[in-house]
Every structure is written in structure tokens, then in C-alpha cells.
Amino acid sequence: MGGEPDLLSRETVHRLIGALNRMFQGLQREVEAFVLAHIAGMPVLLVGPHGSGKTRLTKAFYSMLCLDGRPLKTFSLLLKEKHTIHDVFYRYDLPALMRGEEKIVPLAVDAEAVFLDEIFANLQVLAALKDFLEERLVDRFRARWLFFTAATNPRNQFYETLLDLRNYADIDRFGVAITIGNRSGAKLGEIIYEMSRERGEAPLGFRVDVSNLGEIRQEIRSLEVSARAYAFLTLLCHSLTVCYFTDLRDGNSRARIDKFMVLRELPCRYCRYGQNDGHFCSRYAASPNRLARDTLMLARAYAWLEGKEKADQNHVVKALHYTLPHRLYVIDDKLLERVPTITCVAERCLEEFTGLLAVWKSRQWLQMLSHAILNALYLKQEFRDVKREFWEDPVMLSFAEDLEAMVAERRPRLAGIISKLSDPQLLAEIAYKADTALRRAAEERMRELRGLVEVTARDIAQAGKLIKRLLMAGAEIDEKTLEKLSSAIKEGRSFYTSGKGFEIRVVGGTMIVSAEGELGKAIRD
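A quick note: this is a predicted structure, and the numbers were derived from the prediction, not measured.

**Student:** So what about the overall build of the chain? Which residues, and what values?
**Tutor:** From N to C terminus, the chain includes 23 helices and 23 strands. Here the chain holds 525 residues, and 48% of them are scored as buried. In the chain, once contacts between residues fewer than 6 apart in sequence are set aside, the share between residues at least 24 apart is 70%. Approximately 27,400 Å² of the chain is accessible, and the part contributed by carbon and sulfur atoms is 51%.

Rendered as C-alpha cells:
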């Protein structure tokens, strides 16, 4: 593996992951997620006890990378409470200031690979981290980082931090959180041996040149995501966010609320859905936006590594094991006693949600929603039946309400969409099922596609001229039909007849002729 470093590619990422796996026994899934999150450009948080290998993993990874053949510019710091942003991101050049010049000495802002250990030990640095990660700015100085890793000990009786890990506004800025636990059992001897001979350095001669990192990240971002994967993630995020508070103290009065907008604590203990073991919505909460964004990004990275053209539901579930745990809030304290680690809680949440999906599927929720959407679009009918079916399911009830509001908002645009359709079967279905306005739009579009011309005659004289033109152009209408037609116009009765290439309708004494081809030209002229 000696010689010039290889450019970043799917093959070199596989080799990089393999090299790290040999150094960090028992962490195959964690190492893969760690590398792919970095390749995708996501800020990574490592959570684990002291001595578990967080720092060593980060330094080994950084040392395997180079840029145009040179080592990456790195910045690494073990944060303490005494540190300020000028110890981390940049500091002012004092001699220059004494000369009246504003000049800085860049620290983390100029680094291409950053590692901040004990990230929750310093609130001031943590506050500045928001712009550093999201906007790539500190004050007015542009950050250059390509890879960012932070590390912390877990929040439990063995460790103290200034920041509670439940401060979700701060922890949500990390794209993924990967737990690095102490390994035990048969692998422990190998781990001890590896740690005695390796101090976080890369295997001799193995380097990956990341000068094409931008191209690889664009390649990952451009991957599609399957409709099933989108639906799974959408329903999960909705289930973790929505709350249909049904107050047992007030005659089961209902109020739909955003879990993260409550004034104090969530009122699940007073809600009918929070009783006994409670509904899924009364056990878990997560803010959806960054969770969805980062899950899709990591899912795409997994698909890219496998050489797939599209990320599927399995990739999304795999990604959720690292994008969900640090964002997941457990509402039910009893659950924390049964499932004490953040990784186990996230796995339990995903298992319960999968079970909830199975229940919805058994009740044919997708078919019911599809039918309700079509009826609401075509006939202005409400989602009454589907809401009645899921009245005792707060998640699906609120989802149906959201769909109902979306359909009501978009229905006025449907007539404009119909005028652009080209599928005769779909147009015929709309013309058969829809209400008056949409039916007319569909019929008009069908006539347009067939090249139909429609002309109206409002009295017997105009009707006679139109019939004469049809007959001269070759329309076949027998005398008996002509007599019935004339009688219907004079008496104001309804009448209908058709032949090859034409239709004639009489409504209230008015005759409407629709014709195509040469017959259409004849009546139009």
C-alpha cells in the first residue's frame, strides 16, 4: 500500500474502514457510520466512557487523510471550563493590536479537521459552535473545516458535565452521535494488544487524498431516496412530534399541540393516551427537521458505499441508529429504568414504531387515506370515514387531518392540472367521479385531445345550418333522428344522438354539436 495516496473513492473508503476496523476491534458498525458521516460532511459526536477510544479513533482517521499530498491541517483540544472562544477558534495577534492593526492568529477556523474533546464542558464554546457548524462562521471569520468531531462522556452517575445532554437545542446541531462503549469478552485481549502497539497513527503507507471530497459529497447528495423510505421517515418524524392531548380532567376535551412548544412539561399523565403503558406518542419525542435532513444524508452515504443508485428504507433505518439517539427525548421515566442507555432507547423506539406501522397496515390505513384523498380532490368530501376509523389513534388521526388540510389547499389548482393531462383513461375516470367543475374540465380536455370542435346553436335556424354543414361534410343522420332532433329543439326537451365523429345534445332548446376531424372543420367554419 506504499507510494502515492489514492484519491477518495468508494474503493478507498472501503479500505479506510477496513484499516480502522483492524485497529478498533468490535466497533465495525460504529466505524462505518463514523467514516461515512465524515465523508458526507456531517458533524460527528462521539459518546463513550473514558478510555473507550474516542480520541484515538478520531486521530487515526484524520491521520489517514491528506489534501493534495500533504497532511490535513488539524486542531485538537481537550476543553475545560476556563477556555474561551479565543482559545478554540482564533485569537488576536497582540503585537499587531499594539501597532493598531486588527490581525488574528487562526486556530480551529483555519483547520481542515477539528476535534474538540469534552465538548459539553464549556458553555461559551458550545454557544459559538452553532454558527461554526451550521454557517461555518465564527464572528465574521470563515471556517474551513472539512471534518469535525466532538467527544463527550455519557450523562450518568460516573461523569459530570456543565451541560445536561437533554439540552436538545445544543445537541441537535450534531449530524450523528455514535456511542463508543467499552468492549468485553473474547475481543478484549485483541483490543488490549492493539492499544499497546498503536497510538492512533495510521498504518504505515496508507493515505487517502481528499482533494476530490467536494465531488464525492455532491455524488452522495445527488442519490435518490425511495418513496417507501421517505414515507417511513415522514411517519416516524410525525409520530415523534405530534401530540393530541385529550384531557381526562376536562371531559376528554382535545387540543393538538407541538411537543416542543409546551410551556412547562408535557401533560401526558393527564391525557387518555398516556395512561398505563400509553400510546407511542406519550413515550418519545424528537424535533423532526434536522433529524430528517441528517438521516437522509447518512442513508444516501450508506447507499453510495454499496454502489446503489437509490437509498431505500433499510438505509434509512440503518442511519437512524446514529441520527436518532441523541435527539430522542424519553417522556416516560419508567421506560428509562427499563432501557437505560441512549442506544437501547433508540432501538426500542424504532421497534415500537415498526410495530405501530404493522398495526396501521393491518387496518389498511394506506388504502383508506388514498381513497379519502381522491374523494376530497374529486368530490370535496371530508376525511370523515378515515378520521372515524382512527379516532383512538392520535398519530394517525393528526396525520389524516394534515392531509385533509393539504388537499383542501391544493384542490383549486387541480382544474389547472387537468387541463395539462394527456392520459385518456385518467381523464375519463375524473370525468366519471368528479364533481361538476372538475368533470367539465376533464371533458373539455378529452375533447381537446381528440381534436373535437364544439358549437352551440341557440335557436332552430342556427340548428338547421349546423345540421346542414354536418350532412354536407359526410355525417350520417337518418330522417327519423332529424325529426326527433327538430322536435326536441322546438319543445325545449332534452335529446342526445351520436354518430361516427360527432355528438349532438339538446338541453333546454339549445343544441350543442361536438365533432372531430373533417366534421369538426365543417361546423367550425
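**Student:** Explain the pattern of salt bridges to me, and be specific about the residues and the numbers.
**Tutor:** Applying the stated criterion across every chain, the model contains 24 salt bridges. Here R293 and E134 are joined by a salt bridge, their closest N and O atoms 3.7 Å apart. Taken together, the residues R293 in helix α11 (residues 288–305) and E134 in helix α6 (residues 123–134) connect sequence positions 159 residues apart. Here E491 and R493 are joined by a salt bridge, their closest N and O atoms 2.7 Å apart. Classification of E491 by relative accessible area gives exposed; the value is 54%. R493 gets classed as partly exposed once you look at its relative accessible area, which sits at 36%. The network of salt bridges with shared partners includes E134, D172, R290, R293, D294 and R327.

**Student:** Go over the sheet that holds strand β21 (residues 495–499), please, and point to the residues and values.
**Tutor:** Pairing is antiparallel across the open sheet formed by four strands, whose spatial order is β20-β23-β22-β21. Taken across any chain shown, the strands that pair with only one partner, and hence form the sheet edges, are β20 (453–457) and β21. Averaged over all adjacent pairs, the angle separating strand axes in this sheet is 15°, with direction ignored. Direction of pairing for β21 relative to strand β22 (residues 502–507): antiparallel, over a ladder of five bridges. Within the sheet, the bridge partner assigned to F495 lies in β22 and is V506. The strands that helix α22 (residues 479–491) touches are β21, β22 and β23 (510–515); relative to β21, the one it contacts most, it runs at about 145°.

**Student:** Tell me about the nonpolar core, residues and numbers included.
**Tutor:** Judged by nonpolar contacts, the single largest core of 100 residues is most densely connected at L20, V35, L240, L298, L324 and W360. The biggest single contributor to this core is α11, with 11 residues. Discounting residues that sit within four places of it in the chain, L240 has contacts with K259, F280, Y284, A285, A286, L291, L324, L328 and C349. Within the second largest apolar cluster, 32 residues are counted, among which are L77, L107, L133 and A143.

**Student:** A description of the packing of helix α21 (residues 460–472) against α22 should follow, citing residues and the corresponding values.
**Tutor:** Following both chains from N to C, one finds α21 and α22 inclined at 155°, their axes separated by 10 Å at the closest point. On the basis of the axis angle, α21 is roughly antiparallel to α22. Both α21 and α22 take part in a crossing whose hand is right-handed. Facing I460, A463, I467 and L471 of α21, the residues of α22 in contact are L482, L485, S486, I489 and K490. For the contact of α21 with α22, the per-class residue count stands at seven nonpolar, one polar and one charged.

**Student:** If you had to explain the sheet that holds strand β3 (residues 65–67) to someone new, which residues and values would you point to?
**Tutor:** One key point about sheets: their strands pair by backbone hydrogen bonds, in either a parallel or an antiparallel sense. The strand order across the open sheet built from four strands is β1-β13-β3-β4, with neighbouring strands paired in mixed fashion. Edge positions in the sheet fall to β1 (6–7) and β4 (70–71), since each has one partner strand and no second. With two bridges joining them, β1 and strand β13 (residues 208–209) adopt parallel strand pairing. Opposite L7, over in β13, you have D209 as the bridge partner.

**Student:** So what about the packing of aromatic side chains? Which residues, and what values?
**Tutor:** Taken as a whole and assessed by the stated rule, the structure comprises 14 aromatic pairs. Ring geometry for F61 versus Y62: centroids 6.0 Å apart, planes at 45°, classification tilted. We note that F61, like Y62, is buried. Residues F61 and F147 carry aromatic rings whose centres are separated by 5.9 Å and whose planes lie at 90° to one another, so their mutual orientation is edge-to-face. Residue F61 is located in helix α3 (residues 54–63), and its partner F147 is located in strand β11 (residues 147–152); the two are separated by 86 residues in the primary sequence. Over the face of the ring belonging to F24 we find R56, whose NZ or CZ atom lies 4.7 Å from the ring centre. When the ring centre of W145 is taken as reference, the NZ or CZ atom of R136 above it lies at 3.7 Å.

**Student:** Residue-level account of the pairing of β23, with values.
**Tutor:** Of all the six residues making up β23, six are buried; the element is thus mostly covered by neighbouring parts of the structure. Going residue by residue along β23, you find T510, I512 and S514 tucked away on one face and M511, V513 and A515 tucked away on the opposite face as well. By the bridge criterion, five bridges tie β20 to β23 in an arrangement that is antiparallel. From the neighbouring strand, E454 faces β23, where its bridge partner is S514. Bridging between β22 and β23 involves six bridges; their strand directions are antiparallel. Bridging across to β23, E503 finds its partner in S514. Adjacent in sequence and paired antiparallel, β22 and β23 are bridged by two residues, among which G508 carries a positive phi angle near 60°.

Scoring rules and cut-offs
Residues numbered from 1 in each chain as written. Predicted model: local features only at pLDDT ≥ 70, side-chain atom pairs only at ≥ 80, totals over all residues. Heavy atoms only, no water. Helix = DSSP H or I, 4+ residues; strand = E, 2+ residues; numbered from the N terminus. Buried < 20%, exposed > 50% of the residue type's maximum accessible area, 1.4 Å probe, protein only. Contact = heavy atoms within 4.5 Å. Areas by Shrake-Rupley, 256 points an atom, 1.4 Å probe, with all protein chains shown as cover. Salt bridge = Lys/Arg side-chain N within 4 Å of Asp/Glu carboxyl O. Pairing = 2+ DSSP bridges. Axes fitted to C-alpha atoms, helices over the stretch in contact; angles between N-to-C directions. Core = buried A, V, L, I, M, F, W, Y, C linked by side-chain atoms within 4.5 Å. Parallel < 35°, antiparallel > 145°, perpendicular 65-115°, else oblique. Left-handed = near helix turned anticlockwise from the far one by under 90°. Nonpolar A, V, L, I, M, F, W, Y, C, P; charged D, E, K, R; others polar. Phe/Tyr/Trp six-rings, centres within 6.5 Å; stacked < 30°, edge-to-face > 60°. Lys NZ or Arg CZ within 6 Å of the ring centre and 35° of its normal.

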